Structures are given as C-alpha cells and as structure tokens.
Amino acid sequence: MLNVLRRVWRHGRELPVEGFVFGRPLVVLQSDDWGRVGVRDREGWEELRNLGVNLGERNYDFYSLETAEDVEAVMSLLNRHRDSTGRPACLGMNFMMANVDFAKVTADNFRQLHLRPLNEGLPDGWNRPGLFEAYQQGISAGVFSPALHGTTHFCRAAAERHLNDSGERGTFLRMFWKAGVPYIHWRMPWIGFEYSDPGKNGREVFLSSEIQEGMIADAVKTFKQLFSKAPRSACAPGYRANKSTHHAWAKHGVQVAQNGPGSGMPPHFEANNNSDYAANPVLHLYRTMDFEPSAAQEFSIDDCLRMAENSFARGAPAIISLHSINFHSTLKDFRSRTLRLLDELLTALEVKYPDLLYVRDEDLYDLVDKGRFESMQSAVPVQVTKRMFKAGAVAEAGRA
C-alpha cells in the first residue's frame, strides 16, 4: 500500500498546473498569530515555572502577545519603505478571532470550552492598553491588511477531549489554563490545529466539512464585527487546510488561500468540480521563505535575497512569511532584531529592483482577475501571464 501511495504522490508532482507569472517583481508580507494570547506576561511565566514547567527551552516559550508599542514599531518601519509607486510596504496580519475565556472555564469546573471573541476584548488578566487602536491605526495608514487565521488555532475537539482527562495531559492543560495560558504547541502537540484533530492515537484527521464550515462562519462573523469588512484572504493554523476548508472559505467570501513555504508553486486556482466552489474559486499563494529571526540565531539575509531573486526570475511573487512572535518584546525582545533585519532585507530589494511593488494578497487576486490593482488612488497595471507548470519541477527550481 505504501508503494502505491508513493507512486500516486510522484504522479501528482508531474501533473501540470496552470499558474500565473507577473511582469514586475512583487513582494508580499504574510504574518500569522495576531491577537492570539500565549504566556501571560511575566506573572504567568513565573506561575508556570513555580508549577515545574521549565520555560525558556525554545523560542515559543516566550510567545506572549504583541503590545501597542510592538505594533507601532512595525507600523513605523513599514511606512518608511516605499515601492516604485510610492506605496508603503504592507503586512498581511492573520488574526485569531477568539481566545480561551479562562475565567469562565474555571468557574465551570473545566466541563467545557468557553471562548471570548476578539471583538469583546482579551481574557481576564490580559492587559494591552492601546493595542486594538494600534491595529486600526496601521490599517487606516495602509501598512496593515487584516486577514483570517481562524478562531482558536488549536483543535477544539482535542482540547475538550483532554479538559477533564484525569491523566497527565488533562492535568497539564488545566494547569496552563489556570495560569491564563492556552498552550505551548511544541510541549503539547496533541492539542492539534483548528481544522485537524491529532486524535487519541496521533493520527491526524481533518474535521468534517460541516464542522469546518460552522467554525469558519463564526470566525468570519467576528472578523466583520472587528474590522467592519469580510476577510478576502485566509491562512489555516499550522497550514492545515483541505478542500473542505477551501470550500468554506469561498462560501464566506475568502478569495485567497495562503499556504506554507517549500513547494515553490506559483499562484494558481485549485482545480475543483464542486459547482459552488467553481463559481467562487480561491487563488492559492505559496510562501517563498520563512523570515523568523526569533527562531534562528544564524539568520541569513543573503539566503532570503537569493530566494526572492529566484522567485522574481520565475515571474513569481516573493512571499515573506514572518510570525507575530518576531515582533514581541514582553518576555524577550525579539522585536529589535527582527525590525533591523527586515529593514535590511526590504532596503536591499528596493535598491536592486527599482520597479518593485509591495502588494497585498487581495492585490494579487485583482491582478489575476483584472490585470491591475488600485494603489495610491490610481490603477497599477501589471502584465499577468498564464503558464503550465509541473509541481515537482517548480519545487526544485525554488530550492536552486
């Protein structure tokens, strides 16, 4: 059976895909996990350490939540970087639309999961003065573009399965939630990702179409309440998405699906026979590089430049992936180094490619759909060409 699956996988890598190439160098910034709480500041850190959790082993032990100052610093940097039209660099911010309502869960004696939607504020004990105002300021300035990440990031079915578990996992989860911390994924991978359940035996399966559609409908509703518009782009937590996810996104107005790095695939529409989906196809984008200074001391701007150059040479956009932790400063100052390196990368790209454009996910959709997008109150035309690709060949070219 394994050999059959390998043959099917190899065959899939050779199937042609109709993708899009662009006549100008395009740079996209995509960033995950905004609005998602982690370790509750220094107080929560010390509480977990006093309970025996050896924090500090990996970078995500320091994941907390961005502050207004963090967001304002990102805003300032992006506004200093302009493309060939004078438009500032724009960060696509994928937001989580709810956090665990720890007070309600505790009062309910951990019988079930309770959530606090982001439009109703942060959980009790979390204090971020001016944060939501900073988000809105960056959106108004055109340097932030909100997109949908999901509701909880973790799989709710997995969390509820362990919430009243008398074993080690249940004890661990309740200890974290009492400290106002939802989870640290590398320490508890059995918590899963929103649309995929690792199951009792670690066999990851996607949730049913009906469950996913209900989750996405709720997330989109909260998104609209917070940002006064529907999301046009989405990225599944952990990049765990399947056709059911894509169908639900399309049903609720999402036009762009963000995918993780590694494949080198060009932007393309997913082939699908579902009539509803065919009427509202989703454009798939694939990230070019992981820009994660928080995770690597030996971080190379030269490597990032080389990957961007390879993308431009193939007519593909350079899509830079950087998670929100890289801008955090509460438990550990990741922000300063990230801003310095990002400034260096964007400056180098602007110097080498004077016709460069900073675009958002929705701009790419408009380019494919109309051949132009709106920038600084005027339309920017870009040559867009359809071309057939083989997935395996594209992946190899992307790594060259």
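Source: prediction; values computed, not measured.

S.K.: Hey, could you run me through the state of the cysteines in this one?
M.R.: One covalent bond between the sulfur atoms of two cysteine residues makes up a disulfide. Counted under the stated rule, the structure contains zero disulfides. Unpaired in this structure, Cys304 has its nearest cysteine sulfur neighbour in Cys235, at a distance of 18 Å. Under the relative-accessibility criterion, Cys304 is labelled buried at 2%.

S.K.: Where do I start with the packing of aromatic side chains in this structure?
M.R.: Under the defined criterion, the tally for this structure stands at 16 aromatic pairs. The interplanar angle of 80 degrees and the centroid separation of 6.3 Å between the aromatic rings of Phe62 and Phe334 together place this pair among those described as edge-to-face. Here Phe62, found in the loop between helix 2 (41-50) and helix 3 (68-80), pairs with Phe334, found in the loop between strand 14 (318-321) and helix 12 (335-352); they are 272 residues apart in sequence, far enough to count as distant. Among the residues examined, Phe62 registers a relative accessible area of 14% and is labelled buried. Between the aromatic rings of Phe269 and Tyr365, the centroid separation amounts to 6.2 Å while the plane-to-plane angle is 90 degrees, which identifies the pairing as edge-to-face. Of this pair, Phe269 sits in strand 11 (residues 268-269) while Tyr365 sits in helix 13 (residues 361-370), and the two are 96 residues apart along the sequence. Among the aromatic side chains, those forming a connected cluster through ring pairs are Phe95, Phe132, Tyr135, Phe223 and Phe227. Across the ring face of Trp45, the terminal group of Arg42 is positioned such that the distance to the ring centre comes to 5.3 Å. For Lys332, the ring lying beneath its charged end belongs to Phe62, and the centroid distance is 5.0 Å.

S.K.: Just checking my understanding: could you explain the pattern of salt bridges for this structure?
M.R.: A side chain of one charge can pair with a side chain of the opposite charge if their charged atoms are brought near each other. All chains considered together, the criterion is met by 21 salt bridges. Across the salt bridge formed by Asp363 and Arg87, the nearest N and O atoms sit 2.8 Å from each other. Taken as a pair, Asp363 in helix 13 and Arg87 in the loop between helix 3 and strand 3 (91-96) lie far apart in primary sequence, 276 residues in all. Given the relative accessible area of 1%, Asp363 is considered buried. The salt bridge partner of Arg240 is Glu204, with a shortest N-O separation of 3.1 Å. On the criterion of sequence distance, the pair formed by Arg240 in the loop between strand 9 (233-234) and helix 9 (243-251) and Glu204 in the loop between strand 7 (196-197) and strand 8 (205-206) is long-range, its members being 36 residues apart. The exposure class of Arg240 is partly exposed, given its relative accessible area of 29%. Overall, Glu204 belongs to the partly exposed group, its relative accessible area being 41%. Members of the salt-bridge network, linked through shared partners, are Arg87, Arg360, Glu362 and Asp363.

Analysis parameters
Residues numbered from 1 in each chain as written. Predicted model: local features only at pLDDT ≥ 70, side-chain atom pairs only at ≥ 80, totals over all residues. Heavy atoms only, no water. Disulfide = S-S within 2.5 Å. Buried < 20%, exposed > 50% of the residue type's maximum accessible area, 1.4 Å probe, protein only. Phe/Tyr/Trp six-rings, centres within 6.5 Å; stacked < 30°, edge-to-face > 60°. Helix = DSSP H or I, 4+ residues; strand = E, 2+ residues; numbered from the N terminus. Lys NZ or Arg CZ within 6 Å of the ring centre and 35° of its normal. Salt bridge = Lys/Arg side-chain N within 4 Å of Asp/Glu carboxyl O.

Read these as geometric descriptors, not functional statements.
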